[in-house]
Structures are given as C-alpha cells and as structure tokens.
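# A structural walkthrough
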Amino acid sequence: MAQTLLLTLGGTLLMMALSLAVAMLFHTLFGQTVEQVLLAYAPGGLTEMSLVALAMNAEVAYISIHHLVRIVIIVAVAPTLLPKIAKRIGY
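Read on for a plain summary of the structure. Residue indices begin from 1 for each chain and proceed along its sequence in written order. pLDDT decides what is reported in this predicted model: residues at 70 or higher carry local features, side-chain atom pairs at 80 or more are listed and counted, and totals for whole chains, interfaces and linings draw on all residues regardless. Side-chain measures here rest on the full set of heavy atoms in the structure, leaving out hydrogens and waters.

## Observations concerning the packing of helix H2 (residues 34-41) against helix H4 (residues 60-89)
The contact between H2 and H4 brings their axes to 8 Å, and the two run at 30°. The orientation of H2 relative to H4 falls into the category roughly parallel. When you trace H2 past H4, the crossing you get is right-handed. Contact residues: H2 offers Gln36, Val37, Leu39, Ala40 and Tyr41, while H4 offers Tyr62, Ile63, His66 and His67. Split by residue class, the contact of H2 with H4 holds six nonpolar, three polar and no charged. Interaxial angles span 0 to 180 degrees and are taken between N-to-C directions of axes, which are lines fitted to C-alpha atoms, for helices over the stretch in contact. For helices the rule is a DSSP run of H or I covering at least 4 residues; for strands it is a run of E covering at least 2, with both sets numbered from the N terminus onward. Oblique is the label for any angle not covered by the other classes, which are roughly parallel (under 35 degrees), roughly antiparallel (over 145) and roughly perpendicular (65 to 115). For a crossing to be left-handed, the near helix must be turned anticlockwise from the far one by less than a right angle; the clockwise case is right-handed. Contacts: residue pairs with any heavy atoms within 4.5 Å of one another. Classification convention: Asp, Glu, Lys, Arg as charged; Ala, Val, Leu, Ile, Met, Phe, Trp, Tyr, Cys, Pro as nonpolar; all other residues, Gly among them, as polar.

## Here's the deal with the side chain of Gln32
By the element assignment, Gln32 lies in the loop between helix H1 (2-30) and H2. Once residues within four sequence positions are removed from consideration, Gln32 is found in contact with His27, Val37, Glu59 and Tyr62.

## Considering H4
To obtain the bend at a residue, axes are fitted to the seven residues ending there and to the seven starting there, and the angle between these axes is taken. At Ala78, H4 shows its largest kink, close to 50°, and the proline Pro79 lies no more than four residues downstream. Those residues of H4 that sit buried are Tyr62, Ile63, Ser64, His66 and His67. As for H4, its buried residues are in contact with H1, H2 and helix H3 (46-56). Immediately downstream of H4, the backbone of Gly90 shows phi near 80°, a positive value. The buried label goes to any residue with under 20% of its type's maximum accessible area, the exposed label to any with over 50%, and the partly exposed label to all in between, with areas taken from a 1.4 Å probe on protein chains only.

## Looking at the nonpolar core
Across soluble globular proteins, you tend to see nonpolar side chains buried next to one another. Grouped together as the largest cluster of nonpolar side chains are eleven residues: Ala23, Val34, Val37, Leu39, Ala40, Ala42, Met49, Ala53, Ala58, Tyr62 and Ile63. Of all the elements in the fold, those that place two or more residues in this core are H2, H3 and H4. For this core, the leading source of residues is H2, giving four residues. Other than its neighbours up to four places away in sequence, Ala23 contacts Val34, Val37 and Leu38. Only buried residues count toward a nonpolar core. Its members are Ala, Val, Leu, Ile, Met, Phe, Trp, Tyr and Cys residues joined through side-chain atoms within 4.5 Å.

## Some details on the packing of aromatic side chains
Only the six-membered ring of Trp is used, alongside the rings of Phe and Tyr, when aromatic pairs are assigned; centres must lie within 6.5 Å, and planes under 30 degrees apart are stacked while those over 60 apart are edge-to-face, with the rest tilted. Scanning all chains against the criterion turns up two aromatic pairs. Ring centres of Phe26 and Phe30 lie 5.6 Å apart, and the angle between their planes is 50°; on these two criteria the pair is classed as tilted. You can see Phe26 and its partner Phe30 sitting in helix H1, four residues apart, about one turn around the helix. The class of Phe30 is partly exposed, set by a relative accessible area of 34%.

Structure follows, in structure tokens:
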C-alpha cells in the first residue's frame, strides 16, 4: 500500500508540475494570467470551473470556452479512437 501511495503522489506531483510549466509557457501567448491558463486546462466540470473563475475574478468566458472545446473534442474523437485502442490492447 505504501508503494501505491508513493507512486500516486509522484504521478500527481509530476502532472501538477507539468501543468504549471505549460501554463507558464502559454500565458504570454494567450495574454492571460498563469492562474487563468492553468484553470482553463484543468480537468473538471464546466460549471465548477466557471464558479472558480468567478471566485478568482478571472475571465469566465475564456475558461468556459476552453472547457467547451475540450468536451466537444472528446465527444467527437472518442467514438472512433476508443474502439481502435481497445482492439490494439486486445480488449
């Protein structure tokens, strides 16, 4: 159990560091703060992220559009991509 917890902690820290690095890289390209870019690409529901954006006094439209685009891409790509992945792994 300790090994699983350590691996989970390591994976979480790695993903958080990668997300922060990407947000820091892209914030100048998008003209937004690092916090807004990080929130725009963070996993979570559209409603919840919009509420967090309101609490941060961030641009709700910017964050909402990113989440909507992500959802549309997932819905559009998943039906064709997931069967191929399942076939490849023998499921």
